[in-house]
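Fold and contact review
Now for the letters of each chain:
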Amino acid sequence: MMQFEFQTIDGHDIRIARVQRGGRQTMVMTNAFPQSIRCWESVWDRLAEHVDLLAVDLAGFGKSTGTIEMMRPSAQAKLLAEVMDAVGVDRAFIVGPDVGVPVALWLAQTAPERVSGVNIFDGPGIWPTDFDAALRAATRSRLVRWLGTRAPLRERLMRQNFDVATNVGYHHYVPSPAAIDEYRTICFDRDRHDTAFAFLGSYADELPIIERQLPSMAVPVLITWGAHDQFVRPSNAHRLHELLPDSELTIFDDAGHFSHEDADEEWLVRMLSFVARHSPATPERSATGEGSSR
């Protein structure tokens, strides 16, 4: 069962959940949007039987605080490394769903010594990204983003985000009541809604940088995706697979945008196999960090 705590990093209150028993590989997992790290509830206990875990709500997402300056993959990747430092994780497998995809790739490209491998799914890693019409407009147009943070469109979009978080993004999985309640709180928070739009606006600047570095990435990458992802289409997975020199691709036939929940058993098998094949011969020991918490 996930237990939540906060670490104060660079003035941001970052919510995390962790399992640290030492002597095992570590997986660092970020949130999707508009979800939180509760998106890992369905697989948390099963993963904890095999690996140490650190789940992180990215700054300004989920239950973590974050300023507008944090709303770009480069800044999030830097802070994610600082969270790892605070809890004593030197090197890990990074798992980035949705908005976590560019964060995971940026960290792997700029600090490969911290990353044993990467799993990315259902999010942008190339530019232009093959989004649905609404996301395409939000990422390409400053006017659309400005309108999206102004009433009455803001209120309509917050309701739409909640619908995505609890229904449309899934092919068949149903989140727990606690997760639904939390996603409702997140989706109807105006500050979080506005900062999320700022993050979407950073894609045009930073995704081209990420894409240019993909062919030279030395870190192994597992790409998994939902065949029924309506928002970030599976064509993105195939393009990432083409560009990454050391990558594997699995498309889950019975999964939507939040594919690791729809296809939890299949994802678990693929992820744990990936970790086993790319783990160092001698697992690094993760020390228990003494970072400030509340």
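Glancing now at the overall build of the chain. For the chain, the count of helices and strands is twelve helices and eight strands. Considered along the principal axes of its C-alpha atoms, the chain spans approximately 55 × 45 × 35 Å. Considering only contacts within the chain whose residues lie at least 6 apart along the sequence, 77% involve residues at least 24 apart. Put simply, the chain shows about 11700 Å² of open surface, and 52% of that area lies on carbon and sulfur atoms.

All right, on to helix H8 (residues 190-201) then. A rise of 1.5 Å per residue sets the reference length of H8, with its twelve residues, at 16 Å; its end C-alpha atoms lie 17 Å apart and thus fit the reference within 8%. Those residues of H8 lying buried are Arg192, His193, Thr195, Ala196, Phe197, Phe199, Leu200 and Gly201. If you check the start of H8, you find a side-chain oxygen 3.0 Å away from the backbone N of Asp191, and it comes from Asp189.

Right, let's talk about the environment of Asp13 for a bit. Tracing the backbone shows Asp13 in strand E2 (residues 12-19). It is 31 Å that separates the C-alpha atoms of Asp13 and Gln213, two residues lying 200 residues apart in sequence. Here the side chain of Asp13 touches Thr8 through a polar contact of 3.1 Å, side chain to side chain.

Here we take up the confidence of the model for the chain. It should be kept in mind that the predicted coordinates are not to be read in detail where pLDDT is low. Looking at the chain as a whole, its pLDDT mean stands at 94, while 95% of the residues score no less than 70. The low-confidence segment residues 282-294 (pLDDT under 50) makes 37 contacts with residues lying over four places distant or belonging to another chain.

Axis separation between helix H6 (residues 153-168) and H8 bottoms out at 11 Å; the angle between their running directions is 90 degrees. Considering their axes alone, H6 and H8 lie roughly perpendicular with respect to each other. Residue-level contacts link Arg154, Glu155, Leu157, Met158 and Asn161 of H6 to Arg190, His193, Asp194 and Phe197 of H8. Residue composition of the contact of H6 with H8, by class: three nonpolar, two polar and four charged.

The residue Met217 is located in the loop between helix H9 (203-213) and strand E7 (221-226) in this model. Residue Met217 is classed as buried on the basis of its relative accessible area, which comes to 6%. Along the sequence, Met217 and Ala108 sit 109 residues apart, while their C-alpha atoms lie 7.8 Å from each other. If we ignore the near neighbours within four places in the chain, the residues touching Met217 are Leu105, Ala108, Gln109, Leu244 and Pro245.

Attention now moves to the packing of aromatic side chains. Using the criterion set out here, one finds eleven aromatic pairs in the structure. Summarising the aromatic geometry, the rings of Phe162 and Phe188 are spaced 6.1 Å apart at their centres and angled 55 degrees between planes, so their arrangement reads as tilted. Residue Phe162 is located in helix H6, and its partner Phe188 is located in the loop between helix H7 (177-187) and H8; the two are separated by 26 residues in the primary sequence. A residue is classified by how much of its surface remains accessible, and Phe162, at 16% relative accessible area, is buried. Cluster of aromatic residues (ring-pair linked, three or more members): Phe33, Phe61, Phe131, Phe199 and Tyr203. Residue placement shows Arg140 over the ring face of Trp127; its charged tip is 5.9 Å from the ring centre.

Here we come to a nonpolar patch on the surface. Side chains of Leu143, Trp146 and Leu147 sit close together on the surface and give an oily, nonpolar patch of about 310 Å² of accessible area. Using a relative accessible area of 37% as the deciding quantity, one classes Leu147 as partly exposed.

What counts and what doesn't
Residues numbered from 1 in each chain as written. Predicted model: local features only at pLDDT ≥ 70, side-chain atom pairs only at ≥ 80, totals over all residues. Heavy atoms only, no water. Helix = DSSP H or I, 4+ residues; strand = E, 2+ residues; numbered from the N terminus. Contact = heavy atoms within 4.5 Å. Areas by Shrake-Rupley, 256 points an atom, 1.4 Å probe, with all protein chains shown as cover. Expected span 1.5 Å × (residues − 1). Buried < 20%, exposed > 50% of the residue type's maximum accessible area, 1.4 Å probe, protein only. Polar contact = N/O pair within 3.5 Å; in protein donor to acceptor, adjacent residues only side chain to side chain. pLDDT = per-residue confidence, 0-100. Axes fitted to C-alpha atoms, helices over the stretch in contact; angles between N-to-C directions. Parallel < 35°, antiparallel > 145°, perpendicular 65-115°, else oblique. Nonpolar A, V, L, I, M, F, W, Y, C, P; charged D, E, K, R; others polar. Phe/Tyr/Trp six-rings, centres within 6.5 Å; stacked < 30°, edge-to-face > 60°. Lys NZ or Arg CZ within 6 Å of the ring centre and 35° of its normal. Patch = residues over 30% accessible without salt bridge, like charges linked within 9 Å, V, L, I, M, F, W, Y side chains within 5 Å. Salt bridge = Lys/Arg side-chain N within 4 Å of Asp/Glu carboxyl O.

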